Amino acid sequence: MLLLCCEHYNEAKPFIEYFKAQKQRNLYLAEGITIYVNFGKGALSLAFEFTKLNEILKPDLSILFGTAGNISDLKIGEIIIAKKTKLFDTSLSPLLNPVELNTVSGFKNVDCISVFGNYALNKDLSNFGDCIDMEAYFFAKALNQLNTKGLIVKLISDNNDIIKKLITIDYTRVLNVINTFKTITDNNLTEIFFKTRTTDLNVLFGLKKLFEKKHYTFTMRQNVYKKIIINSTEIIKKPFKLKRSFSEIHVKQKYIKIDDYVGIFHNLKDKCAVIYANKKGEFLRKTPDHYTPQDTYGYSILQSYNCIYDCSYCFLKGYFKSFNPVIFKNIQDYFVEIKKTLKKDKLRPMYFYFGTFSDPIALSIFDKSYIKFAEFFENLDAILEIRTKSANIKELLKHKPFKNTIIAFSLAPQNAIKKFEYFTPNLTRRIEAIKLLDNAGFNIGIRFDPFFGEFLNQYESFVSFLKQIKHLHSIEIGFLRFSKNEYKIFLDKNPAILSGMILKNNMYVSNKIENIKNAIQNIFSDFKDKIYYNMLT
């Protein structure tokens, strides 16, 4: 059974008439569908009543339908699916923990902001969401708490203006959409729909027929769903477009003053802003086993988050709530913490990594703190590694080489860069940057991480270049890898990159690793004393 919830009667009326639903108390009933109208009593009331109805009716699928205002580039009359909902209070400050929802192929899956009252009209919230309403967030919270299957479907009715223009909206497509969801619930297709994220009834019925004919178990069905999602999803490339800067502290560039970066960071749309803040809590994080060269130990420096690039395999896309750069300016606190760590942790050699959770040289267009860290490490019994794909090395070349710092460049064949590492400098520019730094006397690290097995023969062309590097510190080789949790996140966020991966030693890795390792050893046989493998025993 399909449960359709609406805040206002006018939003529900087309469905009541279309399905010839009969009123029974606060419900409208028809075969296979129950329509609940909240009669404008507010978002909290709607969420509360939905919770009670869910317990009583136990619907196969619950949908919140209503109109919403456009605050980005949506069109009036367009139907959207809310993939994430956010709540803003009366001061237009976002609250923590936006709610993630299901996406559906064939629709625009957007960020929806819920607000109280009319104070948000004509406010610029486009950095945080695509549409605005009053009740989606609370319905989404109820779905999460109940752990039940549901969607938020919105019809864009206006452009969030104070005076709404009288616009006639054609409900024909909306009726067809809701009727499709009703067909899904009527025919016990809900599981298949949510796992495949398609409303194509031919696909859904075809899979159901296959599962019934072949007597597929739950596990067998899950494997089919994974393959469908991984092989049918296209990677969407999104360039970084700076629209706003937010800051807790004074910075030179124009910015919007904020009290606490966390709420802003969690609620921003991806790749639209940079945030400056003071770090609290964790400054350093112990690196995983087998992350550093053999018989060495390491910590990651958490001085910045995210990146201006858009590599399709980047784990940060699912690690944080939004993919916007955050730069922490209280670097003296980091220096204190690093000294404390070196004092209590006597293991040596000790590596500190600047670039596990960001690309600090790429972010130098906003902040050049990585130089101060390199200067700080000159007087320490430790090694700093700065990892980057950036060719923006002008600031580095203004300084003398740092004896305790490695500038580690991520390299790959140009075909792999083009296919996976969107908006990054091409191979030629990276190699030119390495040559300039090497000639200036900087320690150079080469990082083939991830190593792309499908372009294996193209790595042979790197051998002659590596032999030319006079200050080559090390060559690290790693393979595309995800933890179990990261794998689940990528199934939802960016599944196309997961093709050909298997679970091995609690890590999802390429199913061809062993053969590739042998080939790598042959290609780079002249560098045996320089090579180490990342997170592979």
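None of these values were measured; they are calculated from a predicted model.

Draft legend 1. The arrangement of the overall build of the chain in detail. Helix and strand content of the chain: 17 helices and 28 strands. A globule of 537 residues ought to have a C-alpha radius of gyration of about 24 Å, and the chain, at 27 Å, matches this closely. For the chain, the spread of C-alpha atoms along the principal axes amounts to about 80 × 60 × 40 Å. Taking all contacts inside the chain whose residues are at least 6 apart in sequence as the whole, residues at least 24 apart take part in 72%. Accessible area of the chain: about 25000 Å², with a carbon and sulfur share of 50%. Charged side chains in the chain number 77 positive and 54 negative. The centres of these two groups are separated by 1 Å.

Draft legend 2. Fine view of the sheet that holds strand β15 (residues 297-301). Spatially, β14-β15-β19-β20-β21-β23-β24-β28 is the arrangement adopted by the eight strands of the open sheet, whose pairing is mixed. Bordering the open sheet on either side are β14 (284-286) and β28 (531-533), each of which pairs with just one other strand. Pairs of neighbouring strands in the sheet enclose a mean axial angle of 25°, with direction left out of account. Examined bridge by bridge, strand β19 (residues 350-354) and strand β20 (residues 383-388) share four bridges and lie parallel to one another. By the bridge assignment, Y353 is partnered in β20 with E385.

Draft legend 3. Examining the pattern of salt bridges more closely. For the structure on display, the rule yields 25 salt bridges. Taking the shortest distance from any N to any O, the salt bridge between K84 and E100 comes out at 3.6 Å. Of this pair, K84 sits in strand β6 (residues 79-88) while E100 sits in strand β7 (residues 99-100); the two residues are 16 residues apart in sequence, bridging distant segments of the chain. By relative accessible area, E100 is classed as partly exposed at 31%. The partner of E282 in a salt bridge is R285, with the nearest N and O atoms 2.7 Å apart. Classification of R285 by relative accessible area gives partly exposed; the value is 26%. Ionic contacts of the salt-bridge type, sharing partners, join the residues E385, R387, R447 and E476 into one network.

Draft legend 4. A look at helix α14 (residues 427-440). Its 14 residues place the ends of α14 20 Å apart at the C-alpha level, agreeing with the 20 Å of an ideal helix rising 1.5 Å per residue. All of the buried residues in α14 are L427, R430, I431, A433, I434, L437 and D438. The buried residues of α14 occupy an angular sector of 160° when the element is viewed end-on, so they sit on one face. Taken together, the buried residues of α14 touch α12 (394-397), β21 (405-410), α13 (414-420), β22 (421-422), β23 (443-448) and α15 (462-468).

Draft legend 5. Summary view of the side chain of D438. Assignment of secondary structure puts D438 in helix α14. A polar contact of 2.9 Å, which involves the side chain of D438, links it to the backbone nitrogen of H471. Not counting residues up to four positions away in its chain, the partners in contact with D438 are I444, Q468, I469, K470 and H471.

Quick notes on the rules
- Residues numbered from 1 in each chain as written.
- Predicted model: local features only at pLDDT ≥ 70, side-chain atom pairs only at ≥ 80, totals over all residues.
- Heavy atoms only, no water.
- Helix = DSSP H or I, 4+ residues; strand = E, 2+ residues; numbered from the N terminus.
- Rg over C-alpha atoms; globule rule 2.2 N^0.38 Å.
- Contact = heavy atoms within 4.5 Å.
- Areas by Shrake-Rupley, 256 points an atom, 1.4 Å probe, with all protein chains shown as cover.
- Lys, Arg positive; Asp, Glu negative; His and termini not counted.
- Charge placed at Lys NZ, Arg CZ, Asp CG, Glu CD.
- Pairing = 2+ DSSP bridges.
- Axes fitted to C-alpha atoms, helices over the stretch in contact; angles between N-to-C directions.
- Salt bridge = Lys/Arg side-chain N within 4 Å of Asp/Glu carboxyl O.
- Buried < 20%, exposed > 50% of the residue type's maximum accessible area, 1.4 Å probe, protein only.
- Expected span 1.5 Å × (residues − 1).
- Arc of directions from axis to C-beta.
- Polar contact = N/O pair within 3.5 Å; in protein donor to acceptor, adjacent residues only side chain to side chain.

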